[in-house]
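# Observations on the three-dimensional arrangement
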Amino acid sequence: MSANQGPAGQQPTATYDSAFLRACRREPVPHTPVWFMRQAGRSLPEYLKVREGIPMLESCMRPELVTEITLQPVRRHGVDAAIYFSDIVVPLKAIGIDLDIKPGVGPVVENPIRTRADLDRLRELTPEDVTYVSEAIGLLTRELGATPLIGFAGAPFTLASYLVEGGPSRNHEHTKALMYGDPQLWADLLDRLAGITAAFLKVQIEAGASAVQLFDSWVGALSPADYRRSVLPASRKVFDAVAGYGVPRIHFGVGTGELLGPMGEAGADVVGVDWRVPMDEAARRVGPGKALQGNLDPAVLFSTPQAVEAKAAEVLEAAAGLEGHVFNLGHGVLPTTDPDALTRLVEYVHTRTAR
């Protein structure tokens, strides 16, 4: 049973008619819904306080802490959806991959995966591996009530990039070397990661998540042809695996203006757009039948309130003709963003788009 509709003959759950889920389904909304990628995190002083002295991965495994962090931006900003606080490498850690999230660096993998023998280290993920996720989502859905909770996971390509490179990479040399040099091993690696990612999303949906987002943070490094040949099948496998739950599926990547068409083909209901492509042009590239999410440049929030409103108005005007629009940033909230700027932005979008 999905978080959005009850069993046959029963009423939908409290989140079903929320502005966020209605926009994802391309239905009329009372106002354009707003949430922000990385809204639960470093920009909030209350987050820094509760995370003090606790390593990132450990914080992701404490259900009560996850609940508090996830709720903080909902309380402060009045956003239309919460997003589960976690990290894309959590499922990899859960199946035994030796990795850590190092401050100022990001995920670092002790022994990169580059040979066929290395695939054996990527076993299937089971619900028992991530019981803390189910517990946290149970706590959250009770607290959130009618506010939807978005679950998320890293897409196969981005997870593969971390695993193959051993950490963040500017040029993805090892990743592309494997993709071009041993396409069968690459396909098998992404297929295995697709299974792990799908299992992680299923855990979140079955625990009560109202929607899920697949982050393909690094896929903008590829050409459309390489994406179609070497990434699209694995991303499609993930979306197909959770299609039966009836929850909206969102697909987002950074620097993916040239990939919006094929990313839309992967199976998501909503395609996220970064700030480099206007929403009306993004809609043309994605094609009909999809809602869009985005796409204010996160750096705009460092300008004056008047400038933020003017840029937000540009986004809303470009999205005015869309069937469904979820207002968001074109990437995550930057760490030194003034939280009050986010609160004002939510209020502005709600007021300007009130039906």
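The name given to the protein in an unreviewed UniProt entry is Uroporphyrinogen decarboxylase, with the source organism recorded as Streptomyces parvulus. The UniProt entry for the protein carries the following text under Function (unreviewed entry): "Catalyzes the decarboxylation of four acetate groups of uroporphyrinogen-III to yield coproporphyrinogen-III." One UniProt comment on the protein, placed under Subcellular location (unreviewed entry), says "Cytoplasm".

## Notes on helix 6 (residues 131-144)
Between the first and last C-alpha of helix 6 there are 20 Å, a value that for 14 residues agrees with the 20 Å anticipated at 1.5 Å per step. Taken residue by residue, helix 6 has Tyr132, Val133, Ala136, Ile137, Gly138, Leu140 and Leu144 as its buried positions. Of the surrounding secondary structure, the elements contacted by the buried residues of helix 6 are helix 4 (63-77), strand 1 (82-83), helix 5 (90-94), strand 4 (149-154) and helix 9 (183-207). Backbone geometry just downstream of helix 6 places Gly145 in the positive-phi region, at approximately 60°.

## Observations regarding the sheet that holds strand 9 (residues 325-329)
Here seven strands make up an open sheet; going across it, the order is 1-4-5-6-7-8-9 and the pairing parallel. The open sheet terminates on both sides in strands that have one partner only, identified here as strand 1 and strand 9. Both strand 4 and strand 5 (residues 211-216) contribute to a ladder of five bridges, which runs parallel. The partner of Phe152 across the bridge, within strand 5, is Gln213. Across the face of the sheet, helix 11 (residues 232-241) comes into contact with strand 5 and strand 6 (249-253) while running at roughly 155° to strand 6. With respect to the sheet, helix 13 (residues 279-286) is in contact with strand 7 (270-272), strand 8 (291-296) and strand 9, its orientation differing from that of strand 8 by roughly 145°.

## Points about the packing of helix 14 (residues 305-318) against helix 15 (residues 339-353)
Closest axis-to-axis distance for the helix 14/helix 15 pair is 10 Å, and the angle between their directions is 45°. The angle between the axes of helix 14 and helix 15 places the two elements in the oblique class. Helix 14 and helix 15 meet at a crossing whose hand is right-handed. Along its contact with helix 14, which presents Pro305, Val308, Glu309, Ala312, Ala313, Leu316 and Glu317, the element helix 15 presents Arg344, Leu345, Tyr348, Val349, Arg352 and Thr353. Among the residues making up the contact of helix 14 with helix 15, the classes are represented as eight nonpolar, one polar and four charged.

## Considering the pattern of salt bridges
One pass over the structure, following the stated rule, counts 21 salt bridges. For the salt bridge of Glu258 with Arg285, the shortest nitrogen-to-oxygen distance reads 3.9 Å. One end of the pair, Glu258, is in the loop between strand 6 and helix 12 (260-265); the other, Arg285, is in helix 13, and 27 residues separate them in sequence. Given a relative accessible area of 59%, Glu258 falls into the exposed group. With a relative accessible area of 30%, Arg285 lands in the partly exposed category.

## Points about the environment of Ala209
Turning to its location among the elements, Ala209 is positioned in the loop between helix 9 and strand 5. For Ala209, a relative accessible area of 0% gives the class buried. Taking the C-alpha atoms as reference points, Ala209 and Gly220, 11 residues apart in sequence, are found 27 Å from one another.

## Considering the nonpolar core
Ranked by internal contacts, the top residues of the largest apolar core, which has 126 residues, are Phe20, Leu122, Leu189 and Leu345. Top contributing element to this core by residue count: helix 9, with 12 residues. Contacts of Leu345, omitting those with residues within four sequence positions, involve Phe36, Leu296, Leu301, Val308, Ala312, Phe327 and Leu329.

## Some words on the UniProt feature "domain: Uroporphyrinogen decarboxylase (URO-D)" (unreviewed entry) in the protein
UniProt feature "domain: Uroporphyrinogen decarboxylase (URO-D)" (unreviewed entry): in the numbering of this structure it lies at residues 33-42 and 150-166. With 0% helix and 0% strand, residues 33-42 has its two end C-alpha atoms placed 23 Å apart. Span residues 150-166 is 59% helix and 29% strand, its end C-alpha atoms 28 Å apart.

## Some words on the UniProt feature "site: Transition state stabilizer" (unreviewed entry) in the protein
UniProt annotation of "site: Transition state stabilizer" (unreviewed entry) refers to Asp87 when read in the numbering used here. Take Asp87: it is sitting in the loop between strand 1 and helix 5. For Asp87, a relative accessible area of 16% puts it in the buried group. Look past the residues within four positions of Asp87 in its chain and what remains in contact with it is Met56, Cys60, Ile101, Pro107 and Phe152. Looking at Asp87, its side chain comes within polar contact range of the main-chain nitrogen of Val89, at 3.0 Å.

About the cut-offs
- Each chain carries its own residue numbering, running from 1 in the written order of its sequence.
- In view of the model being predicted, local features appear only for residues whose pLDDT reaches at least 70, and side-chain atom pairs are presented and counted only at 80 or more, with totals across whole chains, interfaces and linings using the full set of residues.
- Working from all heavy atoms in the structure, the side-chain values ignore hydrogens and water.
- UniProt positions are given in the numbering used here, feature names are shortened, and annotations may be inferred rather than shown by experiment.
- In this text, helices come from DSSP runs of H or I with a minimum length of four residues, and strands from runs of E with a minimum of two, each type numbered from the N-terminal end.
- One less than the number of residues in a helix, times 1.5 Å, gives the span that helix is expected to have.
- Think of it in three bands: with a 1.4 Å probe and only protein chains considered, a residue is buried below 20% of the maximum accessible area for its type, exposed above 50%, and partly exposed in between.
- Any two residues having at least one pair of non-hydrogen atoms within 4.5 Å are treated as being in contact.
- Pairs of strands are assigned from DSSP output, requiring at least two bridges between the strands.
- Working convention: axes come from line fits to C-alpha atoms, limited for helices to the stretch in contact. Angles between N-to-C directions cover 0 to 180 degrees.
- Each angle is binned into one of four classes, with values under 35 degrees roughly parallel, values over 145 roughly antiparallel, values of 65 to 115 roughly perpendicular, and all other values oblique.
- For any helix crossing, the convention is left-handed if the near helix is rotated counterclockwise from the far helix by under a right angle, and right-handed if that rotation is clockwise.
- Three classes are used: nonpolar for Ala, Val, Leu, Ile, Met, Phe, Trp, Tyr, Cys and Pro, charged for Asp, Glu, Lys and Arg, and polar for all others, with Gly counted as polar.
- Only one rule defines a salt bridge in this text: a Lys or Arg side-chain nitrogen within 4 Å of an Asp or Glu carboxyl oxygen.
- Side-chain atoms within 4.5 Å are what join buried Ala, Val, Leu, Ile, Met, Phe, Trp, Tyr and Cys residues into a set we call a nonpolar core.
- Think of a polar contact as two N or O atoms within 3.5 Å of one another; within protein, one of them needs to be a possible hydrogen donor and the other a possible acceptor, and neighboring residues in sequence only count if both atoms come from side chains.

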